[in-house]
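# Inside the fold
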Amino acid sequence: YYTGAVNVKRLDNQAGGRVLNRLYLLLPCLTVYIGLNILHSAWAAILLFHAAIVICLFFRRSSRPCSGLFKGWNTPAGIGSVILSALCGPAFILLWPVISEGQGSMASVLEVFGLHGARLLLFAVYFVTLHPILEELFWRGVIAPESTKVAFVDVTFGAYHVIVLVNFLKWPWVILAFLLLVAVSWMWRRIADRFGGLAIPAVSHIASGVSIMAATFFLLSR
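By convention here, each chain's residues receive numbers from 1 onward along its written sequence. Reporting of local features is limited, given that this is a predicted model, to residues whose pLDDT is at least 70; pairs of side-chain atoms are given and counted only at 80 or more, and all residues count toward the totals for whole chains, interfaces and linings. Side-chain figures throughout are based on the complete set of non-hydrogen atoms in the structure, without hydrogens or water.

## Observations concerning the overall build of the protein chain
Strands are runs of DSSP state E lasting at least 2 residues, helices are runs of H or I lasting at least 4, and numbering of each runs from the N terminus. Within the protein chain one finds 10 helices and 0 strands. Each helix (α) and strand (β) of the protein chain, taken in turn from the N terminus, gives the series α-α-α-α-α-α-α-α-α-α. Expressed as a percentage of the 222 residues in the protein chain, the buried residues total 44%. Working rule for contacts: check all heavy atoms of both residues, and any pair within 4.5 Å makes them a contact. Considering only intrachain contacts with a sequence separation of at least 6, the fraction spanning at least 24 residues in the protein chain is 82%. Roughly 11,700 Å² of accessible area belongs to the protein chain as shown, and the carbon and sulfur atoms make up 72% of that amount. For every residue, the accessible area obtained with a 1.4 Å probe (protein chains only) is divided by the maximum for its type, and the residue is called buried under 20%, exposed over 50%, and partly exposed between those limits. Computed with a 1.4 Å probe, the accessible areas rest on the Shrake-Rupley method; for each residue, only the protein chains presented here act as cover.

Here's what the structure looks like:
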């Protein structure tokens, strides 16, 4: 009876932990929505998002191997992942005339969210430095499950980006981007599990951010 009671309690704790994790995973969607659609500020969106991540990291400590930010580097896999990530910017530039139809110019959309001049430059620096590090600690670190299948964390990673992308892209392309981001989240999570750390996802995420920001400034200069 005692053993059965302990096992039931353990299952209850595991179920409670999964529910709490899912609540934490919804925070990015909530904070980004508030920042962009209520406060109309990209800075508010990213800072609220990062505040939620820091709170989550504080309360949800984990001993999982992939929680090591500077562990798990593998040169062949790392270089391949970084190259693929860096292609985001060129693809964005090539597709922009098609995917942005009816959404207004890049400058006008950014202006709505307070990104222009020095504010945009500072945001870009912040976006390619601290942002990817915090994201990897959150999405592929303490929250990520060890499942080999597409998980709730991968879906929410794609979903929170949708809140941003609907301001720039037509809906068919938003849906395609969502599916690609879910796949990327799953791939980075499996890489983190395979090599025992977040080094490859973190560097790849930085490469993707730099590529996207470079593409953004290129489109603004045209």
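## Quick word on the packing of aromatic side chains
Two rings from Phe, Tyr or Trp (for Trp, the six-membered ring) form a pair when their centres are within 6.5 Å of each other. A pair whose planes differ by under 30 degrees is stacked, one over 60 is edge-to-face, and the rest are tilted. Here the structure, examined in full by the defined rule, presents 9 aromatic pairs. Judged by centre distance (5.7 Å) and plane angle (10°), the rings of Trp139 and Tyr160 are stacked. With a gap of 21 residues between them, Trp139 in helix 7 (residues 130–142) and Tyr160 in helix 8 (residues 152–165) connect regions that are remote in the sequence. We note that Trp139, like Tyr160, is buried.

## As for unusual backbone geometry
Positive phi values are uncommon outside glycine, yet His40 reaches one of about 50°. With respect to the helices, strands and loops of the structure, His40 is situated in the loop between helix 1 (2–38) and helix 2 (42–59).

## Quick notes on the nonpolar core
Counting 45 residues, the largest nonpolar core has Phe92, Trp96, Trp139, Ile143 and Leu169 as its most contacted members. Examining the composition of this core, we find that 7 residues originate from one element, helix 2, more than from any other. In plain words, nonpolar cores are sets of buried Ala, Val, Leu, Ile, Met, Phe, Trp, Tyr and Cys residues tied together by side-chain atoms within 4.5 Å. Membership of the second largest hydrophobic core comes to 5 residues, among which are Leu69, Leu137, Ala192 and Leu198.

## Observations regarding the confidence of the model for the protein chain
Detailed reading of the predicted coordinates is not advisable wherever pLDDT is low. Summarising the model, the protein chain shows a mean pLDDT of 87, and 86% of its residues fall at 70 or more. No element of the protein chain has a lower mean pLDDT than helix 1, which averages 67, and none a higher one than helix 3 (residues 75–86), which averages 97. Low pLDDT, under 50, characterises residues 1–13; the predicted model gives this stretch 0 contacts beyond four residues in sequence or across chains. Scored from 0 to 100, pLDDT reflects the predictor's confidence in each residue.

## Some thoughts on helix 7
Take the residue count of a helix, subtract one, and multiply by 1.5 Å to get its expected span. Along its 13 residues, helix 7 runs 17 Å from first to last C-alpha, staying within 8% of the 18 Å computed at 1.5 Å per residue. Judged by how many residues are buried, helix 7 sits mostly within the fold: 11 of 13 residues are covered. Residues of helix 7 that are buried include every one of His131, Pro132, Leu134, Glu135, Glu136, Leu137, Phe138, Trp139, Arg140, Gly141 and Val142, and no others.

## Points about the side chain of Ser211
Along the chain, the position of Ser211 falls in helix 10 (residues 199–221). Judged by its relative accessible area of 11%, Ser211 is buried.

## Side note on the pattern of salt bridges
Take a side-chain nitrogen of Lys or Arg and a carboxyl oxygen of Asp or Glu: if they are within 4 Å of each other, that pair is a salt bridge. Applying the stated rule across the entire model yields 3 salt bridges. Its salt-bridge partner being Glu136, residue Arg140 comes within 2.7 Å of it at the nearest N-O pair. Residue Arg140 and its partner Glu136 are both found in helix 7; the two are separated by 4 residues, about one turn of the helix. The two residues Arg140 and Glu136 agree in class, both being buried. Across the pair Asp154 and Arg189 runs a salt bridge whose closest N-O atoms are separated by 2.7 Å. Taken together, the residues Asp154 in helix 8 and Arg189 in helix 9 (residues 171–195) connect sequence positions 35 residues apart. An identical accessibility class is assigned to Asp154 and Arg189; each is buried.

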